[in-house]
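Each chain, letter by letter, is given below.
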Amino acid sequence: MSAYEVNRISMGMVNAYLVKTEKQLFLIDTGLAGKQSIARIEAACGRMGRSVGDIDMILLTHTHHDHAGGAAECKSRSAAPILLHKDEAEVLRFGISGFPAGTNSLVRFMVAVAKKRQKGGTPFPPAEADIVIDSDLDLHNYGFPGVAVPTPSHTAGSLSLLTDWGDCFCGDILFNIFPGTVFPPVADNPEALTSKWSLLLERGAKLFYPGHGGPIERQRVERELQRRA
Ligand SMILES: [Zn+2]
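Below is a short write-up of the structure. Bear in mind the structure is a predicted one, so any value in this text is a computation, not a measurement.

### Some words on a nonpolar patch on the surface
On the surface, Leu106, Phe109, Met110 and Val113 cluster together into a nonpolar patch covering about 420 Å² of accessible area. Here Leu106 is to be found in helix α5 (residues 105-117). Taking the relative accessible area as the measure of exposure, Leu106 reaches 58% and is therefore exposed.

### A few points about the coordination of the zinc ion
For a metal bound by four donors in a tetrahedral arrangement, the ideal donor-metal-donor angle is 109.5 degrees, while six donors in an octahedral arrangement ideally sit at 90 or 180 degrees. Protein ligation of the zinc ion involves His62 (NE2), His64 (ND1), His154 (NE2) and Asp172 (OD), the donor distances falling in the range 2.2 Å. For the zinc ion, the four donor atoms in the first shell make angles of 88 to 171 degrees at the metal, a pattern classed as irregular.

### Structural notes on the sheet that holds strand β10 (residues 146-150)
What the six strands build is an open sheet, ordered β9-β10-β11-β12-β13-β14; its pairing is mixed. A strand with exactly one partner marks an edge of an open sheet, and here the two such strands are β9 (137-138) and β14 (216-217). Of the strand pairs in this sheet, β9 and β10 are connected by two bridges, and their pairing is antiparallel. In the strand pairing of β10, Leu137 is matched with Ala148.

### Describing the pattern of salt bridges
Close approach of charged atoms allows side chains of opposite charge to pair. By the definition in use, this model includes eleven salt bridges. Ionic pairing is found between Glu42 and Arg77, a salt bridge with its closest N-O pair at 3.9 Å. Placement of Glu42 in helix α1 (residues 35-47) and of Arg77 in helix α3 (residues 71-78) is noted, with a sequence separation of 35 residues between them. Arg77 sits in the partly exposed class, given a relative accessible area of 42%.

### Notes on the pairing of strand β5 (residues 82-85)
As paired elements, strand β4 (residues 57-59) and β5 share two bridges and run parallel to each other. Of the residues in β5, the one forming a bridge with Leu59 is Leu83. Pairing between β5 and strand β8 (residues 131-133): three bridges, direction parallel. Paired with Leu84 across the bridge in β8 is Val132.

### Considering unusual backbone geometry
Of note, the phi angle at Asp29 is positive, near 70 degrees, even though the residue is not glycine. Here Asp29 shows up in the loop between β3 (25-28) and α1. The backbone phi angle of Ala79 is positive, close to 60 degrees, even though this residue is not glycine. Tracing the chain through its elements places Ala79 in the loop between α3 and β5.

### Looking at the pairing of β3
Side chains of β3 alternate between two faces, with Leu25 and Leu27 and Phe26 and Ile28 buried alike. For strand β2 (residues 14-20) and β3, the ladder comprises four bridges, and the chain directions are antiparallel. Bridge pairing in β3 links Tyr17 to Ile28. In textbook terms, the turn of a hairpin is the stretch between consecutive antiparallel strands, and for β2 and β3 this stretch comprises four residues. Viewed along the sheet, the connection from β3 through α1 into β4 turns out right-handed.

### Focus: helix α7 (residues 218-228)
For the α-helix, the turn length of 3.6 residues means that residues three or four positions removed from each other point alike. All of the buried residues in α7 are Val221, Glu224 and Leu225. The arc that holds every buried residue of α7, seen down its axis, measures 105 degrees, which confines them to one face. Along α7, exposed side chains directed more than 90 degrees from the buried face belong to Gln226 and Arg227. In this fold, the buried residues of α7 make contact with α6 (193-202), β13 (207-210) and β14.

### A look at the packing of aromatic side chains
On inspection of all chains with the given rule, the structure shows six aromatic pairs. Judged by centre distance (5.4 Å) and plane angle (70 degrees), the ring pair of Tyr17 and Tyr209 falls under edge-to-face. Of this pair, Tyr17 sits in strand β2 while Tyr209 sits in strand β13; the two residues are 192 residues apart in sequence, bridging distant segments of the chain. Residue classification places Tyr17 among the buried residues on the basis of a relative accessible area of 2%. Plain terms: the ring middles of Phe26 and Phe144 are 5.1 Å apart, the flat faces sit at 85 degrees to each other, and that makes the pair edge-to-face. Of this pair, Phe26 sits in strand β3 while Phe144 is found in the loop between β9 and β10, placing the two residues 118 residues apart along the sequence. The same class applies to Phe26 as to Phe144, namely buried. Geometry around Phe183 places Arg228 over its ring, the cationic atom sitting 3.9 Å from the centre.

About the cut-offs
Residues numbered from 1 in each chain as written. Predicted model: local features only at pLDDT ≥ 70, side-chain atom pairs only at ≥ 80, totals over all residues. Heavy atoms only, no water. Patch = residues over 30% accessible without salt bridge, like charges linked within 9 Å, V, L, I, M, F, W, Y side chains within 5 Å. Areas by Shrake-Rupley, 256 points an atom, 1.4 Å probe, with all protein chains shown as cover. Salt bridge = Lys/Arg side-chain N within 4 Å of Asp/Glu carboxyl O. Helix = DSSP H or I, 4+ residues; strand = E, 2+ residues; numbered from the N terminus. Buried < 20%, exposed > 50% of the residue type's maximum accessible area, 1.4 Å probe, protein only. Donors = N, O, S within 2.8 Å, 3.2 Å for Na, K, Ca; no water. Tetrahedral: all angles 85-135°; square planar, octahedral: opposite > 155°, others 65-115°. Pairing = 2+ DSSP bridges. Right-handed = clockwise from strand over helix to strand, strands pointing away. Arc of directions from axis to C-beta. Contact = heavy atoms within 4.5 Å. Phe/Tyr/Trp six-rings, centres within 6.5 Å; stacked < 30°, edge-to-face > 60°. Lys NZ or Arg CZ within 6 Å of the ring centre and 35° of its normal.

Shown next, in the form of C-alpha cells:
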C-alpha cells in the first residue's frame, strides 16, 4: 500500500490532482481560472479532511491556461510555493498561454480558428513560480513521495511527477479522451512524445494520471508505443 492518497479533481474537460501524505497536501495543476475550479479544489480538499489553505505545494505539469489558470488563486489562498519547469516560468509570470500545434489536420484547423479569434493566446491570472527546475528533482525533501521529471514534448517545459509507487502525473503528454489512442491532439513537439513515454516507463511508471480523462495503465502506453514503432 502506498503512503499517500490520490484524489482526481475532474473539472469538466480537465483534471487536477491532490496527493495527500500523512502530513502534507500537494496540488498538481489547478484547472481554468475562475470560481468553479477553486470550488472543486476546495471540495476535493474537504473530502480529504483538509482545505485549500492546507496545500503545501502547487506543482504544474505545464502552463496551458486550463492547467495553470487557477495557480494564482490557489497560491494566494495557501501561500504554497509553485513548482514548475524553467521553460514555463515566463508564461506563468505574464499569464498568457499560447496555442499548441495540432497533431492532426482537424485539430490544426481548430487551432487556426482559435488563433484568429484570440490573437496572442489565452489570458489567465499571472503568478510567480517559486521552485523552478530544469532537470530531475528529487521531491522527498519537500515531503512529496517521488521525483519531478522533465518530459518536454507537449510544451517546452512539460513536467511529469512520478511517485515511488509508480503513479505518474503526466499532464498532457498523454490524453485519455479519445477511444483507441492516448496520443495528444496538441503538442509543440509531437515527435518527442513517445520517447518521453518510454522514459517514464523505464523509470517505473505503472499508472498514468493525464490532464484529460481517466487513468491510463502502463500496458496501454506500451501497446501504443509498439503500434507507433
Ligand atoms: Zn496542455
